Amino acid sequence: MSETAKMLRMVTHEHSPRKGGAGMVAEQLAMAVARQGRNVSVWAQENAILPDEAVGESKYSLFAVPGVKGSRNPSCLFKMARVIVAEREGFSGATVHVVEPAAMEVFFYLQLLGIRPWRHLVLTLHGSEIRRWRSNPVTGQLFRRLAKVADCVHVLSGYNAREILSWIPELAPKLMIGFGVPNTGSVVLNRDYGRCSMAGRKVLLCVGRIHPRKGQLYLIECVEGLPESYKNRVQLRFVGQVVKDDYGVKVSQAAERCGCPVVFSGGVSSDELLRAYCEADLFAMTSVPVGDSVEGLGLVYLEASRNGLPVLANRTGGVGDAVLEGETGLLSEVGDQDGFRRNLMRLIDDEELCARLGDAGRRHVDLHTWDKVAARLYDFSGVESHPLPSACQKKRI
């Protein structure tokens, strides 16, 4: 096998410093492959930088493409496509992994033009794009054509697998379910579930960009409706950038009338994020569907479990793969704010339950690493053209 054939080239429109699940998947897989000693390069938006953790054996090559702002804007798609065509020789001999929806739309149009710059092709689906493409006859057909020639279609959760198979059942033989826990380096090892982190109050942490689908407004409303005796025992902390200004205003206004302290930390570094997990007692992200946009998995739930926090969440999309009901956290139905409050009050009162959920969460995430996913996702040994690799025979890892 040539040196080019051993290469992995990943394409994404979302990468650090942008914070999001799709970018995190790209970064974590790139670092995992680099640790395997393989040649891996990531082609991303123009302001892309290596994440803090990409050092030593985890460091990979990063190419920030000028003019690509990190969106599905036609101009961005064209500029990424132009660079790939210019680098066609290197891409054509490599395994190419298209990691997120905007980048995948680039490949829709490359294929439409008869350009297939890959030796092996891996596609990753996150959730909401499945419904969006399915509802559009043009993008639906373009995705079908691309998936047909892909060697592996990777999804992050059982929910995503059901969504894609209900639409294109013939993808079953090449479908692979696999997710890992974000590698933030250090973790909170010793957690005292009996202490209150802040002035006698339990710190309820929520990590995620301030966006309607992440449900920060919903979470504040749930806390606002707590009995005063419980509201006096909790403090909310939000970590994440505001990406929808009008929604951010609504969240801030709701926080002012919530009746308990609410802290907004904005976007933070990896070290600051670890500190936030260390200072927290409970974790919650109340994701809610917004149109066709749903939570495909929720990597921050896994990150919270990795740090020993009991998790509260809504039962929506692929959240049930990340949060095991009654084992690593407590789930409530979307819209059932009273049910969420009951779960929150249970955790405020029951230190033993918090400890049990937190410990089980650590064990759960130990089973899921990006190194394991990468070891199978890119195993094309003995595969010369489009016969499917053993890694893609509908395995969950």
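The structure reproduced in this document is the subject of the present report. (Residues numbered from 1 in each chain as written. Predicted model: local features only at pLDDT ≥ 70, side-chain atom pairs only at ≥ 80, totals over all residues. Heavy atoms only, no water.)

## With respect to the overall build of the chain
- Looking only at helices and strands, the chain features 16 helices and 13 strands.
- For a compact globule of 397 residues, the expected C-alpha radius of gyration is about 21 Å, and the chain comes in at 21 Å, within 12% of that figure.
- Its C-alpha atoms give the chain principal-axis dimensions of about 65 × 40 × 40 Å.
- For the chain, with 397 residues in total, the buried portion stands at 59%.
- Within the chain, counting contacts between residues at least 6 apart in sequence, those at least 24 apart form 74% of the total.
- A total of about 15,700 Å² of accessible surface is found on the chain, and carbon and sulfur atoms cover 50% of it.
- Considering the chain, the positive charge centre built from 49 side chains and the negative charge centre built from 44 side chains are found 5 Å apart. (Helix = DSSP H or I, 4+ residues; strand = E, 2+ residues; numbered from the N terminus. Rg over C-alpha atoms; globule rule 2.2 N^0.38 Å. Buried < 20%, exposed > 50% of the residue type's maximum accessible area, 1.4 Å probe, protein only. Contact = heavy atoms within 4.5 Å. Areas by Shrake-Rupley, 256 points an atom, 1.4 Å probe, with all protein chains shown as cover. Lys, Arg positive; Asp, Glu negative; His and termini not counted. Charge placed at Lys NZ, Arg CZ, Asp CG, Glu CD.)

## Notes on the sheet that holds strand β6 (residues 152-155)
- The strand order across the open sheet built from 7 strands is β3-β2-β1-β4-β5-β6-β7, with neighbouring strands paired in parallel fashion. The sheet is open, and its two borders are formed by β3 (61-64) and β7 (175-177), each paired with just one other strand. In this sheet, neighbouring strand axes are inclined to one another by 20° on average, regardless of whether the strands run parallel or antiparallel.
- Each of β1 (8-11), β4 (95-98) and β5 (120-125) is contacted by helix α4 (residues 101-112), which is oriented at about 125° to β4, the strand it contacts most. (Pairing = 2+ DSSP bridges. Axes fitted to C-alpha atoms, helices over the stretch in contact; angles between N-to-C directions.)

## Details of the sheet that holds strand β9 (residues 234-239)
- Strand order in the open sheet formed by 6 strands is β10-β9-β8-β11-β12-β13, and the pairing between neighbours is parallel. Pairing within the sheet leaves two strands with one partner each, and these edge strands are β10 (262-266) and β13 (329-333). Sheet twist, expressed as the mean angle between neighbouring strand axes with direction ignored, is 25°.
- Across 4 bridges, β9 lies against β10 in parallel orientation. Within β10, the position partnered with F238 by the bridge is F264.

## Notes on the nonpolar core
- Counting residues in each nonpolar core, the largest one holds 88 residues, and the members touching the most others are M10, L204, V223, Y277 and F283.
- For this core, the element with the highest residue contribution is helix α1 (residues 21-35), accounting for 8 residues.
- Beyond its immediate chain neighbours, meaning those up to four positions away, Y277 contacts V188, R191, L205, V207, F283, V300, E303, A304, N307 and L309.
- A81, W118, F143 and L165 belong to the second-largest nonpolar core, a separate cluster that totals 41 residues. (Core = buried A, V, L, I, M, F, W, Y, C linked by side-chain atoms within 4.5 Å.)

## Brief notes about α4
- The terminal C-alpha atoms of α4, which comprises 12 residues, lie 17 Å apart, in line with the 16 Å expected from a rise of 1.5 Å per residue.
- Across the 12 residues of α4, 10 count as buried, placing the element largely inside the fold.
- Regarding α4, its N-cap is E100, as a side-chain oxygen of that residue lies 3.2 Å from the backbone nitrogen of A102 further along. (Expected span 1.5 Å × (residues − 1). Polar contact = N/O pair within 3.5 Å; in protein donor to acceptor, adjacent residues only side chain to side chain.)

## Some thoughts on the pairing of strand β8 (residues 202-207)
- With 6 of 6 residues buried, β8 lies mostly within the body of the structure.
- Burial along β8 is two-sided: K202, L204 and C206 and V203, L205 and V207, pointing in opposite directions, are all buried.
- Pairing of β8 with β9, which is carried by 6 bridges, proceeds in the parallel orientation. Bridge assignment links K202 to a residue of β9, and that residue is V234.

## A closer look at the packing of aromatic side chains
- As enumerated under the stated definition, the model contains 11 aromatic pairs in all.
- Relative to Y109, the ring of F108 lies with its centre 6.5 Å away and its plane at 70°, an arrangement referred to as edge-to-face.
- Ring pairs connect the aromatic residues F108, Y109, W133, F143 and W167, which therefore count as one cluster. (Phe/Tyr/Trp six-rings, centres within 6.5 Å; stacked < 30°, edge-to-face > 60°.)

## Remarks on the pattern of salt bridges
- Per the counting criterion, the structure on display carries 13 salt bridges.
- The salt bridge partner of R18 is E14, with a shortest N-O separation of 4.0 Å.
- According to the relative accessible area criterion, R18 is partly exposed, its value standing at 32%.
- For E170, the salt bridge goes to R144, with nearest N and O atoms at 3.3 Å. (Salt bridge = Lys/Arg side-chain N within 4 Å of Asp/Glu carboxyl O.)

## Let's talk about the side chain of T316
- For T316, the location among the structural elements is in the loop between β12 (311-315) and α13 (319-322).
- Setting aside residues up to four positions removed in sequence, T316 forms contacts with S287, P289, E295 and V334.

## Brief notes about unusual backbone geometry
- Residue S16 is joined to P17 through a cis peptide bond whose omega torsion reads 15°.
- Tracing the chain through its elements places P17 in the loop between β1 and α1.

## Remarks on helix α14 (residues 337-349)
- The end-to-end C-alpha distance of α14 is 18 Å, a good match for the 18 Å that 13 residues give at a rise of 1.5 Å each.
- Turning to α14, its buried residues are Q337, G339, F340, R341, N343, L344, M345, L347 and I348.

## A word on the packing of helix α2 (residues 74-86) against α4
- At a minimum axis separation of 9 Å, α2 and α4 run at an interaxial angle of 65°. Crossing of α2 over α4 shows right-handed handedness. Here α2 contributes L77, M80, A81, I84 and V85 to the contact with α4, which in turn contributes A102, E105, V106, F107, Y109 and L110.
- Broken down by class, the residue content of the contact of α2 with α4 amounts to 10 nonpolar, no polar and 1 charged. (Left-handed = near helix turned anticlockwise from the far one by under 90°. Nonpolar A, V, L, I, M, F, W, Y, C, P; charged D, E, K, R; others polar.)

## Details of the side chain of S157
- Structurally, the position occupied by S157 is in the loop between β6 and α7 (158-167).
- Of the polar contacts made by the side chain of S157, one reaches the backbone oxygen of G296; its length is 2.7 Å.
- Ignoring anything within four residues of it in the chain, the contact list for S157 reads I177, G296, L297, G318 and D321.

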